[in-house]
Amino acid sequence: MDRFADRVAIVTGVSSGIGEQITEQLVKAGVVVVGVARRQQRLTELAARLASEKGKLHPIAADFSREDEIRRVYQWVDDNLGGVSVIVNNAAVLTLVALQNLDVSTVQQVVNLNLTSVMLSCREAMLSMKKHAIKDGHIININSVAGHIVLNMSPQYSTTVYAATKHAITAFCKGLRYDVQAMEGFKIRVTSISPGAVATEMLPGEYVNSLEDVEDVLKAKDVADAVCYVLSCPRSVEISELTIRPTGEKAS
């Protein structure tokens, strides 16, 4: 992690859960983190809590489901901090409603945040790395085991739409590796991190309560540890896919 000290990382969805833990660990490691989320109060509280750490958190309230907001954040970083070395696209929304019961606005919301925003954020990160000659940048997309299998959780929960967006992220990450390899002289790493069930605000409380053991779900810190692990690998090592699951998780 030492080589990313004092360098800029953008992390999305930092107001709680996985994004909050990733931000905390990166700031403690000396990284300059631009933390993005929609809830300004949560951002302010997190920045105050991390004020004395080795790195620094710049909190920015923004909605990454909108292209203009994505551009605004990257422009602010370019104007004030320079180039982006690391992007962690973590922001996502989970719907567990069957497709036949969803309206089009909800479907669009899920697709916009879980897929389109990730693509646009990666595009802006690549343009920033190219502009500032950051040849060893790292793109990390927080995926899901639902990006590899379609989970059948129970009769009352459907992962159809969520899994569709996460399967698309799996394909996108594979293709993105070809795109960054086409950037002559650059060695930008692309990592997809796919957690199983994680105890965050996204996971329904009823589902967590139905589990036999609290250890049947991951903690947000477990995923943050994985992010730090892939960043700490030597430049010659690219972890293209990392799947993390609670021990004994029963999904295929």
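That block above? That's the structure.
Given the structure is predicted, the values throughout are model-derived calculations rather than measurements.

Participant: Explain the overall build of the protein chain to me, please; I cannot follow it from the model alone.
Facilitator: Per the secondary structure count, the protein chain includes 7 helices and 7 strands. Counting helices and strands in the order they occur from the N terminus, the protein chain gives β-α-β-α-β-α-β-α-β-α-β-α-α-β. For a compact globule of 252 residues, the expected C-alpha radius of gyration is about 18 Å, and the protein chain comes in at 17 Å, within 12% of that figure. The principal-axis extent of the C-alpha atoms belonging to the protein chain is close to 50 × 40 × 35 Å. When the 252 residues of the protein chain are sorted by exposure, 52% land in the buried category. Of the contacts formed within the protein chain by residues at least 6 apart in sequence, a portion of 72% connects residues at least 24 apart. Surface accessibility of the protein chain: about 11900 Å² in total, with carbon and sulfur atoms responsible for 51%. With 26 positive and 28 negative side-chain charges, the protein chain shows a separation of 6 Å between the mean positions of the two kinds.

Participant: Help me out: how do you make sense of empty space enclosed by the protein in this one?
Facilitator: Tallied over the entire structure, the rule returns 2 cavities of 30 Å³ or more. The space that makes up the largest cavity amounts to roughly 40 Å³. Lining the largest cavity, in full, are Asn89, Asn90, Ala91, Ala92, Leu113, Asn114, Val118, Asn141, Ile142, Lys166 and Ile169. Of all the secondary structure elements, the ones that give two or more residues to the lining of the largest cavity are α4 (104-131), β5 (138-142) and α5 (160-181). Per element, the largest residue contribution to the lining of the largest cavity is 3 residues, and it comes from α4. Considering only residue class, the lining of the largest cavity consists of 6 nonpolar, 4 polar and 1 charged. Empty space within the second largest cavity amounts to approximately 30 Å³. Together, Thr12, Phe64, Asn89, Ala91, Leu113, Ser117 and Val118 line the second largest cavity.

Participant: Sorry, what's going on with the packing of helix α1 (residues 17-28) against helix α7 (residues 220-232) here?
Facilitator: Relative to each other, α1 and α7 sit at 45°, their axes nearing to 8 Å. In terms of orientation, α1 and α7 fall into the oblique class. In terms of crossing hand, the pair formed by α1 and α7 is right-handed. Every residue of α7 that contacts α1 at Gly17, Ile18, Gln21, Ile22, Gln25 and Leu26 is listed here: Ala220, Lys221, Val223, Ala224, Asp225, Val227, Cys228 and Leu231. Considered class by class, the residues forming the contact of α1 with α7 number 9 nonpolar, 3 polar and 2 charged.

Participant: Would you explain the nonpolar core in this entry?
Facilitator: The nonpolar side chains of soluble globular proteins are, as a tendency, buried together. Membership of the largest hydrophobic core comes to 38 residues, with the highest contact counts inside it found for Ile10, Val34, Tyr74, Ile139 and Leu176. Those elements that place two or more of their residues in this core are β1 (8-12), β2 (32-37), α3 (67-80), α4 and α5. Residue contributions to this core peak at 9 residues, all from α4. Among all residues touching Leu176, those that are not within four sequence positions of it are Cys122, Met126, Ile139, Asn141 and Val190.

Participant: Mind showing me how you'd approach the packing of α3 against α4 here?
Facilitator: Each packed pair of helices is defined by two parameters, the angle between the axes and the distance between the axes. Contact pair α3 / α4: the axes reach a minimum separation of 10 Å and the direction vectors enclose 25°. In terms of orientation, α3 lies roughly parallel with respect to α4. With respect to the hand of their crossing, α3 and α4 are arranged in right-handed fashion. Only Ser117, Leu120, Ser121, Arg123, Glu124, Ala125 and Lys131 of α4 make contact with α3, whose side of the interface consists of Glu67, Ile70, Arg71, Tyr74 and Asp78. The class makeup of the residues in the contact of α3 with α4 is 4 nonpolar, 2 polar and 6 charged.

Participant: Honestly, the environment of Asp179 in this entry has me stumped. Any pointers?
Facilitator: Counting through the fold element by element, Asp179 comes out in helix α5. Between the C-alpha atoms of Asp179 and Ile169, which are 10 residues apart in sequence, the distance is 15 Å.

Participant: In this structure, what is going on with the packing of aromatic side chains? I would like to understand it.
Facilitator: What describes a pair of aromatic rings is the distance from one ring centre to the other and the angle between the planes of the rings. Inspection of every chain in the model, using the stated rule, returns 0 aromatic pairs. For Lys135, the ring lying beneath its charged end belongs to Phe186, and the centroid distance is 6.0 Å.

What counts as what
Residues numbered from 1 in each chain as written. Predicted model: local features only at pLDDT ≥ 70, side-chain atom pairs only at ≥ 80, totals over all residues. Heavy atoms only, no water. Helix = DSSP H or I, 4+ residues; strand = E, 2+ residues; numbered from the N terminus. Rg over C-alpha atoms; globule rule 2.2 N^0.38 Å. Buried < 20%, exposed > 50% of the residue type's maximum accessible area, 1.4 Å probe, protein only. Contact = heavy atoms within 4.5 Å. Areas by Shrake-Rupley, 256 points an atom, 1.4 Å probe, with all protein chains shown as cover. Lys, Arg positive; Asp, Glu negative; His and termini not counted. Charge placed at Lys NZ, Arg CZ, Asp CG, Glu CD. 1 Å grid on protein atoms, 1.4 Å probe; cavity = no way out; pocket = protein on both sides within 12 Å on 5 of 7 lines; lining within 4 Å. Points joined across faces, edges and corners; volume = space filled by probe spheres on them. Nonpolar A, V, L, I, M, F, W, Y, C, P; charged D, E, K, R; others polar. Axes fitted to C-alpha atoms, helices over the stretch in contact; angles between N-to-C directions. Parallel < 35°, antiparallel > 145°, perpendicular 65-115°, else oblique. Left-handed = near helix turned anticlockwise from the far one by under 90°. Core = buried A, V, L, I, M, F, W, Y, C linked by side-chain atoms within 4.5 Å. Phe/Tyr/Trp six-rings, centres within 6.5 Å; stacked < 30°, edge-to-face > 60°. Lys NZ or Arg CZ within 6 Å of the ring centre and 35° of its normal.

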